[in-house]
Amino acid sequence: MLQTQSYHRWGVSFIIGLLTLVKVVEANDVDLELESLMNADVQVTSAMKRSQPISNTASSIYVLSNKDLLNAGVQSIPQALSLVPGMQVRQIDNNQWAITTRFAGGRYSSSLLVLIDGQSVYNPSFAGVYWENIDVPIQDVERIEVIRGQTGTLWGVNASNGVVNVITKNSIDTRTGYANIAAGSEQEYNMNFRYGDSIGNQGSYRVYSHHLEGEKASQGFFPTNDTVQLNSIGMRADYAFDDDITLFAKWNVLNSRMGQTTRRVNTATRINNSYNESVERNKIDFLVRFEERLSKNSNHMVQLSANKETGDQEFLGEEFNAVDFEYQINTLVGEHQIDMGAYYRYNDIKLDSVDYIMDFGESNKLEHYGGFFQAQLNIVPDTFHIVLGNMSAHNDFTGWENQPSFRAIYKFSPKQTLWFNASKAARVPSYLEHNIKLQVSGSKVKDFVNTGNPLIDNYVLATYLRGNPNIEAEKTVSYEVGYRLAQEDYSFDLSIYNTSSDNTLTYSPAVDPNALNSVMAALLAGNAPLALSVLQSTPVNFDLASLATLNVTGVDAVLSWDISPKLNTELSYTITKLDYDLPSGHIVAISRNSTLIQAMAKFNIMLPHNQSLNINVKSESGDTYKTGDIFTTDIGWRWKIKPNVMLSVNAWNLLSSDSYEYLNSNELHTSPTKVEKSVTASLYVEF
C-alpha cells in the first residue's frame, strides 16, 4: 500500500513537471495534428460491422491510430495493446503474452476475439491466440479498434470479453519504398521492408517482409530460454473495377522459432520438471474480399479466408487448417439501417500424442455456421436511436447458441452522448476442453487423506486433466451504460458495466474413495506393500466442468486533453472486480476473486527541430496475477531528420525494477521470466 501511494505521489509530481515543461518549449516548425478521437469523430467498423462515427456507437470502444503507434515506438501488436485503457497486457516472457479485457488474462485465454482486417486469427484447439505469431508491420497499420465488452451479436461466439480488430492501410496509401531497422538490449535486430506501387489506374499493391531476432531474458524461476527468431513475407493488393465494385486480397507467410522454458510432468516421477526447448511454427494466411455498392442505399460484401499453421516442439506436434466464408449486406430503409449476414467456418485439427498426453478425442473436423440480423431504428433523427440484433450460431459441441442485444443512444447535443447496451454472449468450449486427457504434476495422498504413515502420505499419485464432452457453453449477460463528451480541446469517455456468467469453466480433483478405503484397510492390517500396490493403480482425475458462476463489475474512464499546441495527454482509470461462486471442491483454472485497478497517463510533447517525446506511465494494483502491484514507465524520443528519415529511441520499464508480470502457476507449460528494462533504437527511411 505504501508503495502504491508513493507511485501516486510520484505521478502527480510528474504531471506538474510536464505542465511546466510545455511552457518553456520553444516554437518549432512541426505542426501538431490534433487527433483526439472524439473531436475528429473517427469512423469505426468493429462495433457495427460497418463504418460509423464513434460518437454514434453504443460500445466501450477505443482506437489507436497509426500516429499513436509510431509515437509510442511499439514493435508488436501486444505492445500496442498495452496502450489501450482497460486492456490487461501481461508479458509472460520475451515472446509469450497474457492479454484480455474485463477478465483475467492467460496464455490460453479464449474470450477475446482477435481479427486482422476482419480475419480471425484464433487457434482452434484452445480457441485463443498465439500472440507471438501475430505479425503485422506497424508502419502499415491504419488503426487498431478495441471493443471492451460483449460483441457476440455481430462477431459470434468467443467474443464475450471483447474484440481486437487490426486494420491495415489500403495499398493505395503505401505506394513507396520503406525500411525500418531497429536494435536494442533485447533485440539483436528487427527489420521491416516494404515496397508499393500502382496497378494501372485502378489498383495498387505492396509487398513486405519482417525479420526479427531477439535475446532471452536474464532472470526467471528456471534457466531462461525465451529467444525469438521470426521471418515473414506478405502482400496486399487493392483494385477498383469501377466506382461501385472493389476487390481486396492479401497473403502472409510466417516462420518463427521461439525458445521457451516449459513445465510438464515427468511420467516416471509424476512431478513437473522444467525443460529448455524451442517451438517452430509455420503459418500461411490468405484473404480475399469483394465489395459492391448495389444502389445508393445498399451494399454487400463477400469474404473468403483460409489459413494453415503447423507447430513442432518436443512435446507436441500441431497442424491447423481453417477456411472461413462470410457474406454481409447493409441497406438503408427510410431513416433506418438494416444489417444482416451469414458465415461458415471449417477447422481441421491434427495433434500428435506423446507419452503424457493420452487422448485428443476422435473428432478433429469442426464446423461453425450462423447468421445475424441487426436493425438500427432512428426514433428521433440525430438525437435518439435504438439497435436491436441477434446472432444465431451453431457449433459441433453445444449446438445452436443465440446472442441477442439491445442498444440505445441518446445525444443531448452533437458533443454529448449517453448510451446503453444490454447483450447476451456465449463462450463455446474449445476442442481441448472437450477431448483432452493428459498427465499433469501428481497429487500426494495427504491431499485427500492423512494416514499417519509418512511414506504413504507423501506418495505421488498419477494425476490427469480430463476434458468433458458434456461441458456447456458459458452464457454471459451484460449491462453497460456509457457517457461521451467531446469538446474542442478535450474529450471524456465513461462506461460502467456488470456482467454475469453461468457455466464458467472449473476443474475438481477426485480420487476413487474405494481405493483410499482399501489403502487404509491395508495399513490397519500392517500391510504397507499392499497399500502401495493399490496406490500405483489409483489415479487422481482433474475433471473439467461448467459449474461456476462469475460476476464482473467495472468502470472505464478516459480523459483526452490537448493542453496546448505542443502537449496532449490522456489519463485513464479502470476498475475490474471478479467475484466467483464455486461449488465445493472446484477450482478456477486461471482467475480468482480479485480486484484489478489500472491507472494510466500518456503524454506526447512536441519539441523544437522536428522532435517529439512520448511518455507512458501505468500502474496496476491487485492480486489477479499473483504479482502484486505493477508500475511501468516507457519513454520514447523521435526526431524527423528529413521528411523521409526518422530516428527514434525508446526505453521500456525505465523507472521500475525487473519483475514478473504473470505468476499463474496453474496454467499448463507456462514458465514466466522477469520483465526487464530495455532500450531500442530505430531508423525509419521512406523512398
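Predicted model, so just to flag it, every value in this text is computed and none were measured. (Residues numbered from 1 in each chain as written. Predicted model: local features only at pLDDT ≥ 70, side-chain atom pairs only at ≥ 80, totals over all residues. Heavy atoms only, no water.)

1. Quick look at the sheet that holds strand 9 (residues 162-168)
- Read from one edge to the other, the open sheet built from five strands follows the order 3-8-9-6-7, with strand pairing classed as mixed. Since the sheet does not close on itself, it has two edges, and those belong to strand 3 (60-65) and strand 7 (119-120), each with one partner.
- Bridge analysis of strand 6 (residues 112-116) against strand 7 gives two bridges, and the strand direction is antiparallel. By the bridge assignment, Ile116 is partnered in strand 7 with Gln119. (Pairing = 2+ DSSP bridges. Helix = DSSP H or I, 4+ residues; strand = E, 2+ residues; numbered from the N terminus.)

2. So, unusual backbone geometry
- Unlike most non-glycine residues, Arg270 shows phi in positive territory, near 70°.
- The residue Asp382 is not glycine, and still its phi comes out positive at about 65°.
- Mapped onto the secondary structure, Asp382 falls in the loop between strand 20 (365-380) and strand 21 (384-395).

3. As for the pairing of strand 9
- Counting buried residues along strand 9, seven of its seven residues qualify, which places the element largely inside the surrounding structure.
- Across the two faces of strand 9 the burial is the same, with Gly162, Val164, Val166 and Thr168 and Val163, Asn165 and Ile167 all buried.
- Alignment of strand 6 against strand 9, held across five bridges, turns out to be parallel. Bridge assignment links Leu115 to a residue of strand 9, and that residue is Asn165. (Buried < 20%, exposed > 50% of the residue type's maximum accessible area, 1.4 Å probe, protein only.)

4. What about the pattern of salt bridges?
- Per the stated rule, a full pass over the model turns up 25 salt bridges.
- For Arg143, the salt bridge identified is with Glu145, shortest N-O distance 2.6 Å.
- Residue classification places Glu145 among the buried residues on the basis of a relative accessible area of 0%.
- Among the ionic pairs, Glu401 bridges to Lys475, the shortest N-O distance being 3.3 Å. With Glu401 in strand 22 (residues 399-413) and Lys475 in strand 26 (residues 474-486), this pair connects stretches of sequence that are 74 residues apart.
- Classification of Glu401 by relative accessible area gives buried; the value is 5%. (Salt bridge = Lys/Arg side-chain N within 4 Å of Asp/Glu carboxyl O.)

5. Describing helix 9 (residues 528-536)
- Among the residues making up helix 9, those that are buried are Ala531, Val534 and Leu535. The buried residues of helix 9 all sit within an arc of 100° when viewed along its axis, so they share a single face. With respect to the buried face of helix 9, the exposed residues turned more than 90 degrees away are Pro529 and Gln536.
- Tucked inside the fold, the buried residues of helix 9 contact helix 7 (454-457), strand 25 (460-466) and helix 8 (513-524).
- Put simply, Asn527 is the residue that caps the front of helix 9, since its side-chain oxygen is 3.1 Å from the backbone nitrogen of Leu530. (Arc of directions from axis to C-beta. Contact = heavy atoms within 4.5 Å. Polar contact = N/O pair within 3.5 Å; in protein donor to acceptor, adjacent residues only side chain to side chain.)

6. Here we look at the environment of Lys67
- Among the structural elements, Lys67 can be located in helix 3 (residues 66-72).
- By relative accessible area, which is 22% here, Lys67 ends up partly exposed.
- As for Lys67 and Ile338, which are separated by 271 residues in sequence, their C-alpha atoms are 33 Å apart.

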